[in-house]
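Here are the chains, one letter per residue:
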Amino acid sequence: MKVPFLDLQASYLEIKEEIDAAVQRVLMSGQYILGQEVEAFESEWAQYCQADQAVSVGNGLDALRFTLMAMGIGPGDEVIVPAHTFIASWLAISQCGATPIAIEPDPHTLNIDCTKVESAIGDKTRAIMAVHLYGQPADMDSIHEIADRHQLRVIEDAAQSHGARYKNKVIGSHSDAVAWSFYPGKNLGAMGDGGAVTTNNRAIADKIRLLRNYGSEAKYKNEIQGFNSRLDPIQAAILRVKLKYLDLWNLRRKAIAEIYLKQINENFVIKPSTPQWVDSAWHLFVIQHAQRDRLKAELDTFEINTLVHYPTPPHKQIAYSDSIRHRGILPITEKISNTVLSLPIGPHLSMECVEFVVSTLNAVLPKI
Ligand SMILES: *Cc1c(COP(=O)(O)O)cnc(C)c1O
């Protein structure tokens, strides 16, 4: 039995007729940039997120970058960010000229350790970026409490947490602005690139609308030096179809996660720990093992496809080799990058596959 990490073709096939009709509708419309389809998706996504506004953009990185820019964050400013995250969280900060200040993860949840945030705040700190890694919401109340005390902005990188809940409220409007990616492998994924920002702040939304479109609201009137980063109407139409399935598909992920949590032998691996107040979107199911590479290779021989999120933390990347600030001071992050392993999970992973992963893991683990 071959167990794929994530089967995107199967996702398409389940809703092929609706997707094909949506794509056809855009092709026939003659409107290929912005327009009605994009606006309809924006209002449906805002509603899902319980936010006043959603502004779509070309990808998740731009959603983060434009949000920071719309908050006026730039050269000389510092933004608090998790050390253990996908590099896009950091790049967004660097690309607007600000400096990422990395915080170690909580060793249990692997999200930002809120007890370590306050000591990293200084005169130049302007914002805290929370990342809901692997689909599990960060501790937003603690983050907001710290941010309020120091008058900092809060931005959420929600690229992995579509449909996740923090204290029974869906992620999307807990903070000043929430940035989304619709990269194909995300819980709500397009069939190409896509991104959005949800917010209750009118000024931030308006500024991002300018930034994504040459700094222009009305054609040939350029108010700021903007970019070209818009959600494609074909992708918007596809996302409108897939949004209808998000909750159902997240439930399937949750069912898989529950089997893994219950049945994987906990004497040999660390399983994800989920605080009571979160409802994870289970974007990824990440276990930890000291001999991670050996375990991964062993699972490969059974054709069980696993991935590592992420093998090299941002501060250890060549891209950040000039950032000496973080050298040697992030031992938890560096350890985690050597122990994490993401098991197959997704809305189209069969229960036979899930049982095979469990039985193979439990057979292999005692020998490693
Ligand atoms: C996917 C992802 C992004 C970037 O999204 P893109 O659409 O690929 O630019 C940012 N942050 C996190 C945590 C992600 O997983």
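Residues numbered from 1 in each chain as written. Predicted model: local features only at pLDDT ≥ 70, side-chain atom pairs only at ≥ 80, totals over all residues. Heavy atoms only, no water.

A. Region of the structure containing the pairing of strand β5 (residues 153–157). Within β5, 4 of the 5 residues are buried, leaving the element largely enclosed by the surrounding structure. Two strands pair when backbone bridges link them, and strand β4 (residues 125–131) and β5 are joined in this way by 5 bridges, in the parallel orientation. The residue of β5 that forms the bridge with V131 is D157. Handedness of the β-α-β unit built from β4, helix α6 (residues 140–150) and β5 comes out right-handed. Sheet topology note: the β5/strand β8 (residues 177–181) ladder contains 3 bridges and is parallel. Bridge pairing links D157 to A179 in β8. (Buried < 20%, exposed > 50% of the residue type's maximum accessible area, 1.4 Å probe, protein only. Helix = DSSP H or I, 4+ residues; strand = E, 2+ residues; numbered from the N terminus. Pairing = 2+ DSSP bridges. Right-handed = clockwise from strand over helix to strand, strands pointing away.)

B. Geometry of the packing of helix α2 (residues 16–29) against helix α8 (residues 233–243). Axis separation between α2 and α8 bottoms out at 9 Å; the angle between their running directions is 150 degrees. Relative to α8, the element α2 is oriented roughly antiparallel. In the crossing of α2 with α8, the sense of the turn from one axis to the other is right-handed. Where α2 approaches α8, its residues E18, I19, A22, V23, R25, V26 and L27 are matched on the opposing element by P233, I234, A237, I238, R240, V241 and K242. Grouping the constituent residues of the contact of α2 with α8 by class yields 10 nonpolar, no polar and 4 charged. (Axes fitted to C-alpha atoms, helices over the stretch in contact; angles between N-to-C directions. Parallel < 35°, antiparallel > 145°, perpendicular 65-115°, else oblique. Left-handed = near helix turned anticlockwise from the far one by under 90°. Contact = heavy atoms within 4.5 Å. Nonpolar A, V, L, I, M, F, W, Y, C, P; charged D, E, K, R; others polar.)

C. Quick peek at α2. Helix length check: α2, at 14 residues, gives a terminal C-alpha distance of 20 Å against a target of 20 Å (1.5 Å per residue), a fit within 8%. All of the buried residues in α2 are I19, A22, V23 and V26. Angularly, the buried residues of α2 cover 95 degrees about the axis, an arc narrow enough to put them on a single face. Of the exposed residues in α2, the ones pointing more than 90 degrees away from its buried face are E17 and M28. Looking at the packing, one finds that the buried side of α2 touches α1 (8–14), α3 (36–48) and α8. Just downstream of α2 lies G30, where phi reads positive at about 80 degrees. (Expected span 1.5 Å × (residues − 1). Arc of directions from axis to C-beta.)

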